[in-house]
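Residues per chain, in single letters:
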Amino acid sequence: MTLSRPAAQLRDQVRTATVNAVDDAHFRALVLDAIKRVVRFDSACIATVDPASLVPTALTTVGYDDPRVALWAAEVEYGAGPPANSFRAVAQLATPVRVSRDATGGRWRESRHYAELLAPFGLRDELRMVFPARDGRPWGVATMSRGPGLPFDDVTLRVLAPSLRDIGEGMRVTLLRRAPHAATACGTGAALGAPGPAVVVVAADDELAEATPRAVELLEQIGLGGAPPVMAALRYRNAGAPSMRVRTRDGHWLVLRAGPLEAGRVAVTFEHARPPEVVSLVAATHGLTEREADVLADVLAGRSRAAIARNLHISPYTVQDHLKSIFVKTGTSNRQTLVAHLAFGEYLPRIGRPVGADGWFVD
């Protein structure tokens with residue numbers, strides 16, 4: 001398919017940004033600049049998300065003067081009755097980009113979404129995008145809005161659509177560039193943080209009622225006051241899911257679990273990802289297959305090639321083939337560099353914390 005000049009320009013600039021960006025934050029800023037050159041918008045927000053939940057883990061905004069907008073958007077997106085053009089709905093589309101008014105059956109201006117997030121700021125039209133990477137998983141989302149007089153149209157969608165997968169792949173790739181810097185920046189003292197458990201209590205009206213000092217620290221590391229992941233944890237609990245995960249600003253993963261209290265209140269606990277969860281996160285980030293993730297877990301357990309073969313009921317030659325694929329995908333060359341890569345990204349930043357009976361760090 002022949003691309004229009006603006007569409008081809010955007011795709012080329014996104015691919016260049018993927019190569020040149022120093023980390024995911026830099027990449028998001030470059031993408032917004034590239035889009036601005038070919039598609040006019042008055043305000044925009046682009047976010048890196050956890051591909052398992054579509055919950056934002058880091059974001060970049062343009063054109064929003066009130067910092068509370070992000071919190072209000074989280075309440076609309078993750079509260080009761082999410083918008084018709086929610087990111088989860090957009091992600092189900094064959095081409096995941098859509099103008100929000102097209103999803104409301106002609107009742108766009110009657111929607112809570114429009115009334116609370118656009119109209120108060122003089123905005124009239126919005127489109128939303130989800131960015132899947134080459135592995136098919138969504139690694140980012142974005143929303144763009146315009147004031148009166150120039151609604152988004154099909155021409156706009158045709159300019160953006162060819163770059164969605166390139167943006168998603170860029171988000172996945174540049175996310176990997178942050179981990180070594182985060183490990184260096186954390187040090188052993190910063191890893192300890194405030195003492196005690198990290199627990200948030202949410203009232204029946206979904207307002208944050210109480211939080212332990214450690215939870216306050218982690219909410220700040222998540223950003224946006226922690227509202228998006230907390231609201232999502234509540235929604236997931238209501239849907240029967242036991243937990244969800246979110247990435248902090250310094251590149252580490254947390255697991256959120258929600259449970260009921262009295263009077264309609266809910267407690268949300270924050271835990272750092274444990275070894276099995278680290279394996280699944282690394283597998284998702286690097287695009288490992290399910291079998292490669294199994295091999296990775298055994299490598300971290302210190303098993304030999306023969307032992308891995310026996311444990312997984314495959315031949316040693318197949319194990320070696322999986323290892324070669326893992327090395328390529330993680331940018332490592334052997335077992336030693338693979339384990340070092342994971343140690344600097346997931347383990348060393350936690351050094352200094354007490355170790356529990358199960359051999360993992362106590363949060």
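These numbers were taken from a predicted model, which means no experiment stands behind them.

**Points about the overall build of the protein**
Piece 1. Check the secondary structure of the protein and you find 15 helices and 10 strands.
Piece 2. Here the protein holds 363 residues, and 47% of them are scored as buried.
Piece 3. Restricting the contact set of the protein to residue pairs at least 6 apart, pairs at least 24 apart contribute 59%.
Piece 4. Approximately 16600 Å² of the protein is accessible, and the part contributed by carbon and sulfur atoms is 55%.

**Some words on the nonpolar core**
Piece 1. Formed by 31 residues in total, the largest nonpolar core has its most connected members in Phe 27, Ile 35, Leu 127, Met 129, Phe 131, Met 144 and Leu 160.
Piece 2. Elements represented by at least two residues in this core include exactly helix H1 (5-20), helix H2 (24-38), strand E1 (43-50), strand E3 (97-99), strand E4 (125-132), strand E5 (138-146), helix H6 (154-160) and helix H7 (164-176).
Piece 3. At five residues, H2 tops the list of elements feeding residues into this core.
Piece 4. Each residue touching Phe 27, except ones within four places of it in the same chain, is listed here: Val 14, Ala 17, Thr 18, Ala 21, Ile 167, Gly 170, Met 171 and Thr 174.

**Things to note about helix H13 (residues 305-312)**
Piece 1. Looking only at H13, the buried set comprises Ala 307, Ile 308, Ala 309 and Leu 312.
Piece 2. Positive phi shows up at His 313, right after H13, with a value of about 60°.

**Concerning the packing of aromatic side chains**
Piece 1. Within the structure shown, the criterion is met by one aromatic pair.
Piece 2. Seen in terms of ring centroids, Trp 108 and Tyr 114 are 5.4 Å apart; in terms of plane orientation they differ by 65°. Their pairing is edge-to-face.
Piece 3. By relative accessible area, which is 7% here, Trp 108 ends up buried.
Piece 4. For Tyr 114, a relative accessible area of 7% corresponds to the buried category.
Piece 5. Lys 36 extends its terminal NZ or CZ atom over the ring of Phe 41, reaching a point 4.3 Å from the ring centre.
Piece 6. Sitting over the face of the ring of Phe 87, Arg 128 holds its NZ or CZ atom 4.2 Å from the ring centroid.

**So, the side chain of Ser 111**
Piece 1. Here Ser 111 shows up in the loop between E3 and helix H5 (112-118).
Piece 2. Judged by relative accessible area, Ser 111 falls into the buried class, the value being 16%.
Piece 3. At 3.1 Å, the side chain of Ser 111 and the backbone nitrogen of Tyr 114 are in polar contact.

Conventions and cut-offs
Residues numbered from 1 in each chain as written. Predicted model: local features only at pLDDT ≥ 70, side-chain atom pairs only at ≥ 80, totals over all residues. Heavy atoms only, no water. Helix = DSSP H or I, 4+ residues; strand = E, 2+ residues; numbered from the N terminus. Buried < 20%, exposed > 50% of the residue type's maximum accessible area, 1.4 Å probe, protein only. Contact = heavy atoms within 4.5 Å. Areas by Shrake-Rupley, 256 points an atom, 1.4 Å probe, with all protein chains shown as cover. Core = buried A, V, L, I, M, F, W, Y, C linked by side-chain atoms within 4.5 Å. Phe/Tyr/Trp six-rings, centres within 6.5 Å; stacked < 30°, edge-to-face > 60°. Lys NZ or Arg CZ within 6 Å of the ring centre and 35° of its normal. Polar contact = N/O pair within 3.5 Å; in protein donor to acceptor, adjacent residues only side chain to side chain.

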